[in-house]
Each structure stands twice: as C-alpha cells, then as structure tokens.
Amino acid sequence: MLVADIQGKRIYRIPAPDKRLDKNGAPKEPKKLGRVRFPVFTPNGTHVVGFMIKLPDIVGMVKQPDKFVPLDALEMYEGVPCVVDTKENFDAPAAKRLGIDLDRCLIWTGMDVRTKSGKSVGYCAEAAFDSKTGEVDHFQLTGGMASSALLGDIQMPASYLKGYRDGAMIVADEVLDLSFSGGAAAHAAEASVAVSTKVKAGAKVLDDKGSVALDRGSKALGKQLGRTKGMFKSFAAEYKKAAGTPAKKKRAK
C-alpha cells in the first residue's frame, strides 16, 4: 500500500461492535471523522503506526487540532474506512496502547534526504507499507516534480534509512548506486536512448522555477515532530511560509 492511496481519504467513526444496531436492528450509519492528513512513522522508519486526521472546522470557522488514529484501528464498515469510536483508538491513549512515543515519531514523507556523507538526494515523496502490519517496504525519493517526470524516482529499501538529523532523512551512501525508474528518460534509457546533460539541466531549471513552492511546502510537512495531541497544529502556517504563499489579510471591521 502507498501513502498516496490513503492520504486525503475521508475517515468515519463507528460505534463499538455491541452498539452498531439501532432500536430496529438496522446497522447504524458511520459518522464523519475527518480526512487523512499525514502518515505517522516510527522514529526508525520501519513502520507506519497511524495517521493524523484533519477534523472539520466547527461551524466552518473554529479549527480543531488534528487527531492521531493508529493503523490497527482502521477497518472497513458499510463500504467506507472507519475507526471504532473508543478512547484507546485516539491520541495519547492510542499511543500508550501501541507502546509508542508520539513525541519521537516522524513524518518521513516530504522530508529532505541526505546521505551519511552529506550528499543531497532530494526528498522523500512516497512510502510503500503493509496495510496490516504497517511495515515499510521502501521509500520513494525524488529530486522534484520535473526531474521525477523526466528521470523517474529512486525506490529505496527501508533498510537504507539510517536516521534523522537537522531536518533531514539520513540514508546510506549506497542509495547513490540505486537506479532511477518510472520517468520518461528512464523508459528511453531502456530503449538505449541516452539522456543528455542538457535534458537533466532543463529538468533542474523546471524544478527550481516551476515547482519550488510546492517542493518547499512538501518538505516543510516532513520536518514536523510529533506531539501527543494537536500534532502538526502549526503545519498550515509553516507550509504557506515555506512555499512562499502570502497569508490571508484580516478583514477590516
């Protein structure tokens, strides 16, 4: 399963199994909880332990803090992804049940990537994990949207992840030996058509000028550390700041 498969999806809440039928014996309809905002990984990056759920604004105006929901609490009910509405499936009680410290958990997707020797690799754009156990199979690294389209991405085994330092994912130097896959240039290379230096330079220009705001905003996402409740509460402001998006002006009274 890819992070992109669930990110942005609407999640619902359902009663405990013994409370799912109404007085007429019909199944109760699930109630909206919110949308998946980010995946939450263990500090060593080996597993996805859950997700931060963005709750709807109260009366469309008052912001609510994001809510942590563990991976093992998600289930399909009436054809939609749901979480059982019990205390141990949210925030600090859920973390305690899982035996994890949310203050040490990270969002690896969106984070800058550097090798142990200090060479920049780009950033982590995606992760593939087991939907049941949360075990991460690989991370997808990219230099940006334009270079990704032309050259493809690097699929890095989770074992190459070595840690976190100064806002970046630190990976083994061997990642530089991995080949790109999935891009137009990669497909061309399979047909024995070489990608010229000018094409690569052109991709960099597009990245630097055309997608720099999006990339910076994405990287800002990955640099947030966990807090037991209201985790990444300031994400929206930091995203806009990093992306260079101007803040909304307050209305004059």
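Right above here is the structure, for reference.
Definitions and limits used
- Position numbers for residues count from 1 along each chain, tracking the sequence in the order it is written.
- For this predicted model, a pLDDT threshold of at least 70 governs which residues receive local features, and a threshold of 80 or more governs which side-chain atom pairs are given and counted, while totals over whole chains, interfaces and linings are taken from all residues.
- Hydrogens and waters are ignored; side-chain quantities use all the structure's heavy atoms.
- Any Phe, Tyr or Trp ring, taking Trp's six-membered ring, that has another such ring centre within 6.5 Å forms a pair; planes under 30 degrees apart are called stacked, those over 60 apart edge-to-face, and the others tilted.
- A run of DSSP states H or I qualifies as a helix once it reaches four residues; a run of E qualifies as a strand once it reaches two. Both are numbered from the N-terminal end.
- Throughout this description, buried means an accessible area under 20% of the type-specific maximum (1.4 Å probe, protein chains only), exposed means over 50%, and partly exposed covers the range between.
- The salt bridge criterion pairs a side-chain nitrogen of Lys or Arg with a carboxyl oxygen of Asp or Glu, the two atoms within 4 Å.
- Strands are treated as partners if at least two bridges between them are detected by DSSP.
- Each axis is a line fitted through C-alpha atoms, taken for helices only over the stretch in contact, and angles between the N-to-C directions span 0 to 180 degrees.
- Contacts are assigned to residue pairs that have any heavy atoms within 4.5 Å of one another.
- In protein, a polar contact means a hydrogen-donor-capable atom and an acceptor-capable atom, both N or O and within 3.5 Å, with residues adjacent in sequence counting only if both atoms are side-chain atoms; elsewhere, any N or O pair within 3.5 Å suffices.
- Joining through side-chain atoms within 4.5 Å is the link that ties buried Ala, Val, Leu, Ile, Met, Phe, Trp, Tyr and Cys residues into a set, and such a set is a nonpolar core.

Novice: Run through the packing of aromatic side chains, naming residues and quoting values.
Specialist: Using the criterion set out here, one finds three aromatic pairs in the structure. Ring centres of W108 and Y164 lie 6.4 Å apart, and the angle between their planes is 70 degrees; this geometry places the pair in the edge-to-face category. With W108 in the loop between α2 (91-98) and β7 (112-115) and Y164 in strand β11 (residues 161-165), the pair connects residues that are 56 residues apart, well separated along the chain. Overall, W108 belongs to the buried group, its relative accessible area being 0%.

Novice: Account for the pattern of salt bridges, naming residues and giving values.
Specialist: Across all of its chains, the model carries six salt bridges by this definition. Among the ionic pairs, R13 bridges to D85, the shortest N-O distance being 3.0 Å. In this pair, R13 sits in strand β1 (residues 10-14) while D85 sits in the loop between β6 (80-84) and α2, placing the two residues 72 residues apart along the sequence. Among the residues examined, D85 registers a relative accessible area of 38% and is labelled partly exposed. A salt bridge links D66 to R37; the shortest N-O distance between them is 2.9 Å. Taken together, the positions of D66 in the loop between β3 (48-54) and β4 (67-70) and R37 in strand β2 (residues 31-41) put the pair 29 residues apart, joining distant regions of the chain. Overall, the relative accessible area of 18% leaves R37 in the buried class.

Novice: Describe the pairing of strand β9 (residues 136-142), and please don't skip the residues or the numbers.
Specialist: Among the seven residues in β9, five count as buried, and that is most of the element. Counting the residues that bridge the hairpin from strand β8 (residues 120-129) to β9 gives six residues, and of these G134 lies at a positive phi of roughly 80 degrees.

Novice: A description of the sheet that holds β4 should follow, citing residues and the corresponding values.
Specialist: Pairing is mixed in the open sheet, where six strands are placed in the order β4-β3-β2-β1-β6-β5. Of all the strands in the sheet, just β4 and β5 (74-77) have a single pairing partner and so form its edges. Neighbouring strand axes in the sheet, compared pairwise and without regard to direction, differ in orientation by 50 degrees on average. Across six bridges, β2 lies against β3 in antiparallel orientation. Across the sheet, residue V36 finds its bridge partner in β3, namely I53. Lying on the sheet, α2 is in contact with β3 and β4; it crosses β4 at an angle near 30 degrees.

Novice: Explain the environment of R20 to me, using residue names and the numbers behind them.
Specialist: Tracing the backbone through its elements, the reader meets R20 in the loop between β1 and β2. Put simply, R20 and P30 are ten residues apart on the chain and 9.1 Å apart in space, counted from C-alpha to C-alpha. When near neighbours in sequence (up to four residues on either side) are disregarded, R20 contacts I14, P15, A26, P27, K28, E75, Y77 and V84. A polar side-chain atom of R20 sits 2.9 Å from the main-chain carbonyl oxygen of P15.

Novice: Any details on the nonpolar core? Residues and values, ideally.
Specialist: Soluble, globular proteins show a tendency: their nonpolar side chains are buried together. Counting residues in hydrophobic clusters, the biggest one holds 33 residues, and the most contacted among them are F139, L141 and M169. Mapped onto this core, the elements with two or more residues apiece are α1 (3-6), β2, β3, β8, β9, β10 (152-157) and β12 (168-171). Ranked by the residues each element gives to this core, the list is headed by β8, at four residues. Sequence-distant contacts of M169, defined by excluding residues within four places in its chain, comprise W108, M111, D112, V113, R114, C124, F139, L141, M156, L161 and G163. Core analysis: the next-biggest nonpolar cluster, separate from the first, contains ten residues, V40, V49, F68 and C105 among them.

Novice: Outline unusual backbone geometry, listing residues and values.
Specialist: Although it is not a glycine, E78 adopts a positive phi angle of roughly 55 degrees. Among the secondary structure elements, E78 is positioned in the loop between β5 and β6. A positive phi angle is found at D166, which is not glycine, with a value near 50 degrees. Here D166 lies in the loop between β11 and β12.

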